[in-house]
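Below, each chain spelled out in residue letters.
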Amino acid sequence: MARSSRLVVHDAFPSLAFVQANLRAREVWPTVVIRTRAAAEYRPDIAGPLSLFVNRRGASHATIDGRRLRLPAGCAALSAAGERFTLDYEAPVELLNVYFADDWVADVAGSLDAEARALLEPLERG
């Protein structure tokens with residue numbers, strides 16, 4: 001896998017057509033930060049990387065892996081790599097979304113010592 005090792009910051013959402021074309025082409029994505037104000041923005045059915053969605057002001061909805069969540073101001077949602085998500089901004093909202101490149105996740109996991117790495121393992125059912 002090619003490494004992206006880039007950080008891209010946007011003050012608006014890239015076009016949905018651009019995102020969908022890159023997903024179909026299976027491009028290697030950089031880590032992307034989007035900080036913007038949005039209203040009437042609908043981003044349906046995207047299988048993205050590890051992603052963090054934060055509403056700084058206003059509320060929105062996120063559907064992650066089929067579960068619809070309301071995100072009021074000050075709240076966040078996280079989607080795992082490969083999970084499908086839909087973002088729905090109906091009213092004005094100030095947001096900060098971070099889409100973490102796969103190599104970023106691998107770099108963080110690779111830097112953990114054995115004790116910290118154990119925290120990432122699933123809990124045994126008891």
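Residues numbered from 1 in each chain as written. Predicted model: local features only at pLDDT ≥ 70, side-chain atom pairs only at ≥ 80, totals over all residues. Heavy atoms only, no water.

Caption draft 1: Summary view of the pattern of salt bridges. Tallied over the entire structure, the rule returns five salt bridges. Salt bridges sharing common partners tie together R35, R56, R57 and E94. (Salt bridge = Lys/Arg side-chain N within 4 Å of Asp/Glu carboxyl O.)

Caption draft 2: Inspection of the nonpolar core at higher detail. In this structure, F13, F53, F85, L87, Y89, L95 and Y99 are the most contacted members of the largest nonpolar core, which totals 18 residues. For this core, the secondary-structure elements that each account for two or more residues are β2 (31-38), β5 (60-64), β8 (84-89) and β9 (93-100). Contact partners of F53, with chain neighbours within four places excluded, come to I64, L71, C75, A76, A77, S79, F85, L87, L96, N97 and Y99. (Core = buried A, V, L, I, M, F, W, Y, C linked by side-chain atoms within 4.5 Å. Buried < 20%, exposed > 50% of the residue type's maximum accessible area, 1.4 Å probe, protein only. Helix = DSSP H or I, 4+ residues; strand = E, 2+ residues; numbered from the N terminus. Contact = heavy atoms within 4.5 Å.)

Caption draft 3: Structural view of the sheet that holds β9. Across the sheet, five strands lie side by side as β1-β2-β9-β4-β7; this open sheet has mixed pairing. Of all the strands in the sheet, just β1 (7-10) and β7 (76-79) have a single pairing partner and so form its edges. Averaged over neighbouring strand pairs, the angle between their axes works out to 10° when direction is ignored. In the sheet, β2 pairs with β9 via seven bridges, with the strands oriented antiparallel. (Pairing = 2+ DSSP bridges. Axes fitted to C-alpha atoms, helices over the stretch in contact; angles between N-to-C directions.)

Caption draft 4: Examining the side chain of S79 more closely. With respect to the element layout, S79 can be found in strand β7. Under the relative-accessibility criterion, S79 is labelled buried at 0%. Look past the residues within four positions of S79 in its chain and what remains in contact with it is P49, L50, S51, F53, I64 and F85.

Caption draft 5: Structural view of the sheet that holds strand β3 (residues 41-47). A sheet is described by the order of its strands in space; here four strands give the open sequence β3-β8-β5-β6, paired in antiparallel fashion. Edge strands, defined here as strands with exactly one partner in the open sheet, are β3 and β6 (67-71). The average undirected angle you get between the axes of adjacent strands in this sheet is 15°. Of the strand pairs in this sheet, β5 and β8 are connected by four bridges, and their pairing is antiparallel. Bridging from a neighbouring strand, H61 pairs with D88 of β8.

Caption draft 6: Spotlight on the pairing of β5. Burial along β5 is one-sided: S60, A62 and I64 are buried, while H61 and T63, pointing the other way, are not. In the sheet, β5 pairs with β6 via five bridges, with the strands oriented antiparallel. Residue S60 lies in a different strand from β6, and its bridge partner there is L71. Linking β5 to β6, which pair antiparallel, is a turn of two residues; within it D65 sits at a positive phi near 50°.

Read these as geometric descriptors, not functional statements.
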